[in-house]
Amino acid sequence: LSRRGKREGKYAVPCDIHAMIEVKTQGAAAWDAVCQGALYVPQDYALFAYLAGVRAFDGIEPLVKPRGFPDMNNKAEKISPDAEREYTRWADFAHDTGWLTPQEWIAACVSARMKTGETRVEALAIGNHAKALADSEKYEAARIVFWFNS
């Protein structure tokens, strides 16, 4: 049994995702979180599979090879202090850390919808908000960092 696994055809432990939007302001040396605390994303195992291969029981492959968190030793790339603080709260139970561009996140949402016929508007809103921030002149880039807990 693993955190990604099943036992006797049922999920052994429920799984949740924690996500935070981060932005890099033009000319800034580090990433900043857009809000304090993780954003709400409902349980959607098809989405989790497309995002990071988590709970991928239907043969779903992640759209982007899981990359873990950005280099924590590189100040220009490491996650923001707010994201690091939030992650630390869950570190004993956290697994499958990662980050995606807004476009990658949105593509995972669309793929999950095509697979299940359901739309997780909360997840799609996170991607759309991050994309709007990335497209603004104030920010150089935006990304969504995330991890799962079981």
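Heads up: the structure comes first, above all this text.
Residues numbered from 1 in each chain as written. Predicted model: local features only at pLDDT ≥ 70, side-chain atom pairs only at ≥ 80, totals over all residues. Heavy atoms only, no water.

Enquirer: Looking at this structure, how should I read the pattern of salt bridges?
Expert: Side-chain pairing between opposite charges can occur once the charged atoms of the two side chains come close. Considering all chains together, one arrives at 10 salt bridges under this definition. Residues R120 and D44 are paired through a salt bridge, measuring 3.3 Å at the closest nitrogen-oxygen approach. With a gap of 76 residues between them, R120 in the loop between helix 3 (102-116) and helix 4 (121-135) and D44 in the loop between strand 4 (32-33) and helix 1 (45-52) connect regions that are remote in the sequence. On the basis of relative accessible area, R120 is assigned to the partly exposed category, the value being 26%. Salt-bridge contacts for R85 lead to D82; the nearest nitrogen and oxygen are separated by 2.2 Å. Taken as a pair, R85 and D82 lie in helix 2 (residues 81-90) at a separation of three residues, close to a single helical turn. (Salt bridge = Lys/Arg side-chain N within 4 Å of Asp/Glu carboxyl O. Helix = DSSP H or I, 4+ residues; strand = E, 2+ residues; numbered from the N terminus. Buried < 20%, exposed > 50% of the residue type's maximum accessible area, 1.4 Å probe, protein only.)

Enquirer: In this structure, what is going on with the sheet that holds strand 4? I would like to understand it.
Expert: Sheets are built from strands paired through backbone hydrogen bonds, the pairs being either parallel or antiparallel. Ordered by their spatial adjacency, four strands build an open sheet running 4-3-6-5, and the pairing between neighbours is antiparallel. Strands at the two margins of the open sheet, each flanked by one partner only, are strand 4 and strand 5 (94-100). Here strand 3 (residues 16-25) runs beside strand 4; their pairing, made up of two bridges, is antiparallel. Across the sheet, E22 pairs through a bridge with A33, a residue of strand 4. Along the sheet, helix 1 makes contact with strand 3, strand 5 and strand 6 (139-149), crossing strand 6 at roughly 120°. The strands that helix 3 touches are strand 3, strand 5 and strand 6; relative to strand 6, the one it contacts most, it runs at about 45°. (Pairing = 2+ DSSP bridges. Contact = heavy atoms within 4.5 Å. Axes fitted to C-alpha atoms, helices over the stretch in contact; angles between N-to-C directions.)

Enquirer: What exactly am I supposed to notice about the environment of A112 here?
Expert: Along the polypeptide, A112 turns up in helix 3. Considered as a pair, A112 and I60 are 52 residues apart in the sequence and their alpha carbons are 9.4 Å apart. Sequence-distant contacts of A112, that is, excluding residues within four places in its chain, are made with A46, L47, Y50, G117 and E118.

Enquirer: Looking at this structure, I do not really get the pairing of strand 3. What am I missing?
Expert: Along any regular strand, the residues point their side chains to alternate faces of the sheet. The element strand 3 is extensively covered by neighbouring structure, given that eight of its 10 residues are classed as buried. Bridging between strand 3 and strand 6 involves 10 bridges; their strand directions are antiparallel. What sits directly across from E22, in strand 6, is R143. Between strand 3 and strand 4, which pair antiparallel in sequence order, lie six residues; one of them, G27, sits at a positive phi of approximately 80°.

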